[in-house]
Amino acid sequence: MSPRSLRQLPRRRGPRPALLAGVAAVFCIEAVLGQKLCPKAMENYVASMVLSAVGDTLGYKNGQWEFLQSGPAIHKELAEMGGIDNLSIQGWKVSDDTVMHLATAEALVAAGKTPNLAHLYSLIAKNYKECMNDMKGRAPGAMSMANALKLDPEQPDGWRTMFSPHAGGCGAAMRAMCIGLRFCHTSELDTLVQVSIESGRMTHHHPTGYLGSLASALFTALAVNGVPPPAWGKQLLEVLSKAKAYVRDTGFFVEENMGQWHYFEEQWEKYLTERGIADGISPPTFPPRYGVEERDSFYTSLSYDGWGGSSGHDAPMIAYDAVLGAGDSWAELAHRAFFHGGDSDSTAAIAACWWGAMHGFQGVNDSLYAQLEYRDRLEQVAKALYRLT
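Conventions used here
- Residues numbered from 1 in each chain as written.
- Predicted model: local features only at pLDDT ≥ 70, side-chain atom pairs only at ≥ 80, totals over all residues.
- Heavy atoms only, no water.
- Helix = DSSP H or I, 4+ residues; strand = E, 2+ residues; numbered from the N terminus.
- Buried < 20%, exposed > 50% of the residue type's maximum accessible area, 1.4 Å probe, protein only.
- Contact = heavy atoms within 4.5 Å.
- Areas by Shrake-Rupley, 256 points an atom, 1.4 Å probe, with all protein chains shown as cover.
- Phe/Tyr/Trp six-rings, centres within 6.5 Å; stacked < 30°, edge-to-face > 60°.
- Lys NZ or Arg CZ within 6 Å of the ring centre and 35° of its normal.
- Lys, Arg positive; Asp, Glu negative; His and termini not counted.
- Salt bridge = Lys/Arg side-chain N within 4 Å of Asp/Glu carboxyl O.
- Polar contact = N/O pair within 3.5 Å; in protein donor to acceptor, adjacent residues only side chain to side chain.
- 1 Å grid on protein atoms, 1.4 Å probe; cavity = no way out; pocket = protein on both sides within 12 Å on 5 of 7 lines; lining within 4 Å.
- Points joined across faces, edges and corners; volume = space filled by probe spheres on them.
- Nonpolar A, V, L, I, M, F, W, Y, C, P; charged D, E, K, R; others polar.
- Core = buried A, V, L, I, M, F, W, Y, C linked by side-chain atoms within 4.5 Å.
- Axes fitted to C-alpha atoms, helices over the stretch in contact; angles between N-to-C directions.
- Parallel < 35°, antiparallel > 145°, perpendicular 65-115°, else oblique.
- Left-handed = near helix turned anticlockwise from the far one by under 90°.

## Section: the overall build of the chain
Reasoning step 1: In terms of helices and strands, the chain carries 18 helices and zero strands.
Reasoning step 2: Across the 389 residues of the chain, 59% fall into the buried class.
Reasoning step 3: The contacts of the chain with a sequence gap of at least 6 include a subset with a gap of at least 24, amounting to 78%.
Reasoning step 4: Accessible surface for the chain amounts to roughly 14500 Å². Of this, 51% is attributable to carbon and sulfur atoms.

Structure representation (structure tokens):
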């Protein structure tokens, strides 16, 4: 079915009927996002930003759990602390992930209702560079820090960086979810693609890096609009053709980008086949035994270099795996996305953002985020993003 065959309905706020009811065989991005498109309640936007930071804080645990490469050891410590429902994060810092996610979100708000993209990119670059002053005790990635400090936002195209064969890490993916909160309408898909790519390659100019940014942003937009998670992966693969065309059209390190494009796409095709959701319709299938140790092993198998979630392809992939398996259970999401032997704060920040966009604060104890660092900023920017949609 062509997207043009579905009548676009006017935007409105409030509840809406199930998307594409009766058309079980097709989920296409334009069609889905065009159905009575409206963001969920402002609370879900707030939950998306706040819970992302909560996930980051828990996965990081002041650096102790992010770099503890044993899921069973982390779960043992968690149990000894009384489990996720009894945790207090007072004194726990957010990592570089949340600092940079805030930098992205606040630039999106500052750019206003009808942003000039070149101006937006300068604002993002300015925020990325300035937020490097807030990285003490937050374990920033070497690639993010080195390239952010090279940005020159006061100059035309000063937000552009050189292609790097080593820039496939997750630093772009971990900070891009809010782009999907800002550009969540069908008419904004091209903008979502462009902004996620350009903000991503400010520090991670490699397809594996900046396509992770696209995945994080796209899945947030789909979550906002109530698209069933099993459909997300197929839609990502469909949107990759738009992304590829855009990168070619920019004329910026085209040969280098095209030469490295295949890895991200191939890894996602492989994952969707593994879970039985390549058609975008079928429910995901998981192994009969898929506990902490099994997840650690699987997450490692997805990785580029043995640390699950540390690259642009597998950080959103592990977050997605957790969302698929958790349903509407916050605790299950945490066990799968926050507490594992990989780059746990990044997968947590991404997964919790999507989950909040879908479920709000459902099942989350207030005490878990009462002492959250930067809570006020997160709530304020979330509300501002909502008002811009």
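That was the structure; now back to the text.
## Section: the packing of aromatic side chains
Reasoning step 1: For the coordinates displayed, the defined rule picks out 25 aromatic pairs.
Reasoning step 2: Where Tyr45 meets Tyr386, the ring centres are 5.2 Å apart and the plane angle is 75°; that geometry is what we call edge-to-face. On the criterion of sequence distance, the pair formed by Tyr45 in helix 2 (residues 42-60) and Tyr386 in helix 18 (residues 375-388) is long-range, its members being 341 residues apart. Here Tyr45 matches Tyr386 in class, with each residue buried.
Reasoning step 3: Both rings, one in Trp330 and one in Phe338, keep their centres 5.3 Å apart while their planes meet at 75°; by these two values the pair is edge-to-face. Exposure class is identical for Trp330 and Phe338. Each is buried.
Reasoning step 4: Put simply, the rings of Phe219, Trp232, Phe264, Trp268, Tyr271, Phe286, Tyr290, Phe298, Tyr320 and Trp354 pair up and form one aromatic cluster.
Reasoning step 5: Here Arg275 stacks its cationic end above the ring of Phe298, 4.6 Å away from the centre of that ring.
Reasoning step 6: When the ring centre of Tyr374 is taken as reference, the NZ or CZ atom of Arg377 above it lies at 4.9 Å.

## Looking at the side chain of Asp97
Reasoning step 1: In this fold, Asp97 is placed in helix 4 (residues 96-110).
Reasoning step 2: No salt bridge is formed by the buried Asp97; the nearest opposite charge belongs to Arg175, separated by 9.4 Å.
Reasoning step 3: Of the polar contacts made by the side chain of Asp97, one reaches the side chain of Ser346; its length is 2.8 Å.
Reasoning step 4: Setting aside chain neighbours within four positions, we find Asp97 in contact with Asp56, Met174, Arg175, Asp345, Ser346 and Ala349.

## A word on empty space enclosed by the protein
To find the voids left in a structure, one rolls a probe of water-molecule size over its atoms.
Reasoning step 1: If you walk through the whole model with that rule in mind, you get one cavity of 30 Å³ or more.
Reasoning step 2: When the residues that make up the lining of the largest cavity are grouped by side-chain class, the tally is four nonpolar, two polar and one charged.

## Remarks on the pattern of salt bridges
Reasoning step 1: By the definition in use, this model includes 13 salt bridges.
Reasoning step 2: A salt bridge links Arg182 to Glu188; the shortest N-O distance between them is 3.8 Å. You'll find Arg182 and Glu188 in the same group, each marked buried.
Reasoning step 3: For the salt bridge of Arg336 with Glu332, the shortest nitrogen-to-oxygen distance reads 2.7 Å. Highlighted residues: Arg336 and Glu332, both in helix 15 (residues 330-337), separated by four residues, approximately one helical turn.
Reasoning step 4: Using a relative accessible area of 26% as the deciding quantity, one classes Glu332 as partly exposed.
Reasoning step 5: Three or more residues are tied together by salt bridges with common partners; here these are Asp134, Arg138 and Glu373.

## Looking at the nonpolar core
Reasoning step 1: Among the nonpolar cores identified, the biggest contains 119 residues, and Leu58, Trp232, Tyr320, Trp330 and Phe338 are the most heavily contacted of them.
Reasoning step 2: Here this core takes 11 residues from helix 9 (residues 207-224), the largest share from any one element.
Reasoning step 3: Each residue touching Trp330, except ones within four places of it in the same chain, is listed here: Leu51, Val54, Ile84, Phe338, Ala352, Trp355, Gln362, Gly363, Val364 and Leu368.

## Remarks on the packing of helix 2 against helix 16 (residues 344-359)
Reasoning step 1: Look at helix 2 against helix 16: their axes get within 7 Å of each other, and the N-to-C directions meet at 155°. On the basis of their axis angle, the class for helix 2 and helix 16 is roughly antiparallel. Between helix 2 and helix 16 the crossing geometry is right-handed. Packed against helix 2, whose contacting residues are Asn44, Ala47, Ser48, Leu51, Ser52, Gly55, Asp56, Gly59 and Tyr60, the element helix 16 presents Ser344, Asp345, Ala348, Ala349, Ala352, Cys353, Trp355, Gly356, Ala357, Met358 and His359 at the interface.
Reasoning step 2: The residue inventory of the contact of helix 2 with helix 16, partitioned by class, reads 10 nonpolar, eight polar and two charged.

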